[in-house]
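An overview of the molecular structure
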Amino acid sequence: MRKQNITKDIHKYLKYDWIQFLLTSLICASIFFLVTYSNVYTETYDIEKFSTANETIRSPITIENTKETDSRIREAVQSVEDHYEISLEVADERVSAVHEIFEAIEKVESEDLKKTLSLPSVTIDDKISYLKDLVQDEAIREIDDQVFLSLFEASPENRMLAKELLTTALNDAYHTGVQIEEENKVIESIQQKLHYSTLDNSFVRSLYPLISYGVEPNSFFSADKTNEAQQRARENVEPVMIRAGEIIVEEGKLITNEIYEELKITGLLNEERNIFPLIGLSLLLLLLASMMFLEMWHAKKKKALKLSSLIAIIIISIFIASLMKVVSFYTTTVNPLYFVAPIAVASMLLKILVSERLAIVFSIFYAMVGSVIFNANIPGLLNMEAGVYFLVTQLASIYFLANVKDKMAILKAGISISLYNIVTVSLFLLLSFEKYDWLDYLMFSGYGFLSAMFSTVLTIGMLPFFESGLGIISDSKLLSLSSPNQPLLRKLLIEAPGTYHHSIMVANLSEAACEAIGANGLLARVGAYYHDLGKTVRPHYFIENQMGMKNPHDFLDPYESAEIILQHPLDSAEMLRKDKLPKEIIDIALQHHGTTLLKFFYYKAKEVNEKVPESEFRYQGPRPRSKEAAAVSICDSVEAAVRSLNHPNQEEIENIVTSIIKDRVLDGQLNNSSLTLKELETMKSVICETLKGIYHSRIQYPKEESIKEAK
């Protein structure tokens, strides 16, 4: 007893649409979580240093190895040499001093010192003393007199050559810079240069003090330039990155300090870090679930989403998610098998079984989930190439699957999808940095073609299971039911031809009326074909089948006649149930008279008894609960009424249609159909126009007798 109460409570709550939508959204999100869990969850390891790796371990993320980067920065900074600043003033000063000495010697040699110094005779010492007086630099006094003696004794040519060699060597040394610790080395270098000249070695050796006099440090350490160079060295060091998917340690290799540090950095030794990707995945799927709920709620306003449609959404989601997961096990960076995944089957099935808008929305969801599934198990990475490919192929399938009149429509859509798949795959290959040959293009394009073909085959193969197993009525199912070769329609045609013709007329009116208000015109047409099937039980009791015979109701009591007429909707529904036709068709047959009053026999009975209850002459109903059932109900009465007129004109047709619709509204027959007054007005206009086309005025051709008389 308690279990029965619980079951009743569950069914009671499931009657609320929002609960059904919420459960569907959460179930789909849970399915997506189960298939993507391993793609964001990173396996951790209990590894010790200097142990052996039991398996090849790859990095799950891309992260910087900061310790290694800092080590490389230190090495780069330490490799930077000290930078010095060269003082050109020191160079000019020393070279000018040497120049001055040689010029002073030339002046002493050219001047008449006897007259200048007022001496009877001039010795070499007098010349040297006069030379030192001419040169302003006090440092010259520290130079040994032997240097000046050698210069005075040398020929003018040798002095000139010595001057050129010495000043040139000094300029070269000062240009590159003379550091304090390199001063002696520079002096020795200049001495060597002079020795390699044509000057006598003894003369060169006598010039050593002059060389030392001319050399002075002019290159000094620069802290600013050194710091700038070190900063540039730091900036030029590239961060040491551990790339996602990069092998950290191969199986059987030793876990060194460096490897252990990389395992630690990438979080492979820390179980706690795994919670964050899972939280991120949960937030993503909750966001998708909320969007699913809102979209289903939006779809409910335009078209009722039945429980069978929601179950279909769940089954399709399970199938597609599982399919992508299986394909991901065999996908590698070299062989992207996601190109061959037949994901377009989901969008085609959803468009056929549910609605186009929901198919578009769920195609976005499936593409997002696919980008996670094919991320090579690298947390935080989305395979955008797979996501874009899945979205394009699904949207193409929705667009090209325009009219599902037969299986060929699905096949034609598959061919168009294959073209889009091939173009998309080629686009990815062309945008890639890698070079592909024509065999790669051929193979990957073949993947796209196979994806489209697999999607087509799966759609055609799975569609009947959804239609029969869940009782979902699709356009293809309706079209197959509308075929005149259907056993029930053949039965109607053979046993009640008048009713068959009436049903065809009602179908035309109902389809036009439903399409005008945005309802399912095809459903209304097919429902109209079968709505009077119950009349085949006693066809001759209905006036349209009484061709040239007496009306049997003339010999029956009004109650007996009413019982026969009122029974035909129930008989129709029973026959349709027995042949397992869709519930929507059965509902139209059962509801097309609603609870209307059988006025003819009711008033006939009242002629005998004024107190006849109306309930005995009303159809059992129920009243029409959909726009399609309401349209068939109105058109059924309209067609019968207009057909009873001999030569209906435009005014009579409009009056009959207006009267019937008004009568149904006042009797409350349309209260459960969700039809608005505006929609009723639209239906009225369309029905009138259609009837005018059927019963238009025809030319009255003269009879054969009249023609003969005219001759």
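Cut-offs and rules
- Residues numbered from 1 in each chain as written.
- Predicted model: local features only at pLDDT ≥ 70, side-chain atom pairs only at ≥ 80, totals over all residues.
- Heavy atoms only, no water.
- Helix = DSSP H or I, 4+ residues; strand = E, 2+ residues; numbered from the N terminus.
- Contact = heavy atoms within 4.5 Å.
- Expected span 1.5 Å × (residues − 1).
- Buried < 20%, exposed > 50% of the residue type's maximum accessible area, 1.4 Å probe, protein only.
- Core = buried A, V, L, I, M, F, W, Y, C linked by side-chain atoms within 4.5 Å.
- pLDDT = per-residue confidence, 0-100.
- Salt bridge = Lys/Arg side-chain N within 4 Å of Asp/Glu carboxyl O.
- Phe/Tyr/Trp six-rings, centres within 6.5 Å; stacked < 30°, edge-to-face > 60°.
- Lys NZ or Arg CZ within 6 Å of the ring centre and 35° of its normal.
- Patch = residues over 30% accessible without salt bridge, like charges linked within 9 Å, V, L, I, M, F, W, Y side chains within 5 Å.
- Areas by Shrake-Rupley, 256 points an atom, 1.4 Å probe, with all protein chains shown as cover.
- Disulfide = S-S within 2.5 Å.
- Axes fitted to C-alpha atoms, helices over the stretch in contact; angles between N-to-C directions.
- Parallel < 35°, antiparallel > 145°, perpendicular 65-115°, else oblique.
- Left-handed = near helix turned anticlockwise from the far one by under 90°.
- Nonpolar A, V, L, I, M, F, W, Y, C, P; charged D, E, K, R; others polar.
- Polar contact = N/O pair within 3.5 Å; in protein donor to acceptor, adjacent residues only side chain to side chain.

Our next topic: the environment of Ile660. Within the fold, Ile660 resides in helix H29 (residues 650-666). What Ile660 contacts, discounting residues up to four positions off in sequence, is Ile634, Ser637, Val638 and Ala641.

On to helix H9 (residues 183-195). With 13 residues, H9 should reach 18 Å at 1.5 Å per residue; the first-to-last C-alpha distance of 19 Å fits that figure. Within H9, burial applies to Val186, Ile187, Ile190, Gln191, Leu194 and His195. For H9, the elements touching its buried residues are helix H8 (156-176), helix H10 (201-206) and helix H11 (208-214).

Moving on, we get to the nonpolar core. Formed by 70 residues in total, the largest nonpolar core has its most connected members in Phe32, Ile313, Tyr366 and Phe390. Among the elements of the structure, helix H2 (17-40), helix H14 (275-302), helix H15 (307-329), helix H16 (344-353), helix H17 (356-373), helix H18 (384-400), helix H19 (407-431) and helix H20 (438-469) are those that each provide at least two residues to this core. The element that contributes the greatest number of residues to this core is H17, accounting for 10 residues.

This part covers helix H30 (residues 677-694). Counting along an α-helix, one turn takes 3.6 residues, and residues three or four places apart therefore face a common direction. Under the 1.5 Å per step criterion, the end-to-end length of H30 is 26 Å for 18 residues, consistent within 8% with the ideal 26 Å. Every buried residue of H30 is listed here: Glu679, Leu680, Met683, Ile687, Cys688, Leu691 and Lys692. Residues of H30 that are buried sit in contact with helix H23 (497-517), helix H28 (627-643) and H29.

Attention now goes to the confidence of the model for the protein. Of the residues in the protein, 92% have a pLDDT of 70 or more, and the chain-wide mean is 84. In the predicted structure, residues 1-14 sits below a pLDDT of 50 and forms four contacts with residues beyond four places in sequence or in another chain. For the stretch residues 706-711, pLDDT sits under 50, and the model shows one contact to residues farther than four places along the chain or on other chains.

A separate point is the pattern of salt bridges. According to the stated counting rule, one finds 20 salt bridges in the structure shown. With a shortest N-O distance of 3.7 Å, Lys692 and Glu689 are connected by a salt bridge. Of this pair, Lys692 and Glu689 are both found in helix H30, three residues apart, which corresponds to roughly one turn of the helix. For Lys692, a relative accessible area of 18% translates into the label buried.

Moving on: the packing of aromatic side chains. For the structure on display, the rule yields 21 aromatic pairs. Ring pairing ties together the aromatic residues Tyr338, Phe339, Phe374, Tyr389, Phe390, Phe428, Phe444 and Tyr447, which thus form one cluster. The ring of Tyr213 has Arg94 sitting right over it, with the charged end atom 4.8 Å from the ring centre.

Here we come to a nonpolar patch on the surface. A contiguous nonpolar surface patch, about 890 Å² in accessible area, is contributed by Trp18, Leu22, Leu26, Ile275, Phe276, Ile279, Leu283, Leu286 and Trp297. Of all the elements in the fold, those that place two or more residues in the nonpolar patch are H2 and H14. Within the element layout of this structure, Ile279 appears in helix H14.

Okay, the state of the cysteines next. For the structure shown, the criterion picks out zero disulfides. This cysteine, Cys635, is not joined by any disulfide, and Cys514 carries the nearest cysteine sulfur, 7.5 Å off. Among the residues examined, Cys635 registers a relative accessible area of 0% and is labelled buried.

With respect to the helices, strands and loops of the structure, Thr333 is situated in the loop between H15 and H16. Assessed through its relative accessible area of 79%, Thr333 is described here as exposed. Between the alpha carbons of Thr333 and Ala376 there is a distance of 8.4 Å; along the sequence they are 43 residues apart.

This part is about the packing of helix H25 (residues 558-578) against helix H27 (residues 599-606). At a minimum axis separation of 9 Å, H25 and H27 run at an interaxial angle of 165°. Accordingly, the angle class assigned to the pair H25 and H27 is roughly antiparallel. Judged by the twist between their axes, the crossing of H25 over H27 is left-handed. Note on element contacts: H27 touches H25 through Phe601, Lys604 and Ala605, opposite Pro558, Tyr559, Ser561, Ala562 and Ile565. Its residues assigned to classes, the contact of H25 with H27 shows six nonpolar, one polar and one charged.

Another aspect to go through is the packing of helix H4 (residues 88-110) against helix H7 (residues 145-153). With their axes 11 Å apart at the nearest point, H4 and H7 run at an angle of 55° to one another. When the interaxial angle is binned, H4 and H7 end up oblique. Handedness of the H4/H7 crossing: right-handed. Taking contact as the criterion, the partners of Ile101, Phe102, Ile105, Val108 and Glu109 in H4 are, on H7, Phe148, Leu151 and Phe152. Looking at the contact of H4 with H7 residue by residue, the classes come out as seven nonpolar, no polar and one charged.

Within the secondary structure, Ser222 is located in the loop between strand E4 (219-221) and helix H12 (223-236). Within the structure, the side chain of Ser222 is placed 3.3 Å from the backbone nitrogen of Lys225, a separation counted as a polar contact. With sequence-adjacent residues up to four places away left out, Ser222 is seen in contact with His83, Tyr84 and Glu85.

With respect to the helices and strands, the residue Ser510 is situated in helix H23. Using a relative accessible area of 0% as the deciding quantity, one classes Ser510 as buried.

In this model, Gly621 is joined to Pro622 through a cis peptide bond whose omega is 5°. For Pro622, the location among the structural elements is in the loop between H27 and H28. The backbone of Ser674 sits at a positive phi, close to 65°, despite the residue not being glycine. By the secondary structure assignment, Ser674 is in the loop between H29 and H30.

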